[in-house]
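# Secondary and tertiary structure notes
Now for the letters of each chain:
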Amino acid sequence: DLASGTYVVLLQSVNLYSNGAGMYGESFSGLMSWTAGSTNSHGDASVIALHYAGHAANNIIIHLRTLETNNAGGSKLKLQAKLAYSTSSQTISTTASQEYTFKFRQVLPAAIFPP
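Here's a quick rundown of the structure. (Residues numbered from 1 in each chain as written. Predicted model: local features only at pLDDT ≥ 70, side-chain atom pairs only at ≥ 80, totals over all residues. Heavy atoms only, no water.)

Before going further, it helps to spend a moment on the sheet that holds strand S1 (residues 5-14). Pairing in this open sheet of four strands is antiparallel, and the strands run S4-S2-S1-S7 from one edge to the other. The open sheet has two free edges, formed respectively by strand S4 (50-56) and strand S7 (101-108), since each of these has just one partner strand. Sheet twist, expressed as the mean angle between neighbouring strand axes with direction ignored, is 15°. Pairing analysis gives seven bridges linking S1 to S7, with the strands arranged antiparallel. Bridging across to S7, Val9 finds its partner in Phe104. (Pairing = 2+ DSSP bridges. Helix = DSSP H or I, 4+ residues; strand = E, 2+ residues; numbered from the N terminus. Axes fitted to C-alpha atoms, helices over the stretch in contact; angles between N-to-C directions.)

In structure tokens:
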């Protein structure tokens, strides 16, 4: 679990070639705010702007966002990810497993957030 604060988030060295998507060695980074406290929203989402670089993205982008939930959703902030393709001919195997490595580095402390 992350403490409240502002973080640099890194999705490190993504390789989706074995799943049929053709992405090789791309890393994605961005800045996000996080609260460890409860949330009480009806699905407000905040997109995390990501920069990426690496060997070959091949028209595939990874999007990250945070989602605020209410009691029905556990009253917690959630981090969500999805893949986006710029061509309709690309698909990813749904039977092959894929591992992602996320790294988080706090850059601003929780003290700036209200309790």
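Here we take up the side chain of Asn70. One can find Asn70 in the loop between strand S5 (60-68) and strand S6 (77-85). At a separation of 2.9 Å, a polar atom in the side chain of Asn70 contacts the side chain of His42. When near neighbours in sequence (up to four residues on either side) are disregarded, Asn70 contacts Thr39, Asn40, Ser41, His42 and Ser75. (Polar contact = N/O pair within 3.5 Å; in protein donor to acceptor, adjacent residues only side chain to side chain. Contact = heavy atoms within 4.5 Å.)

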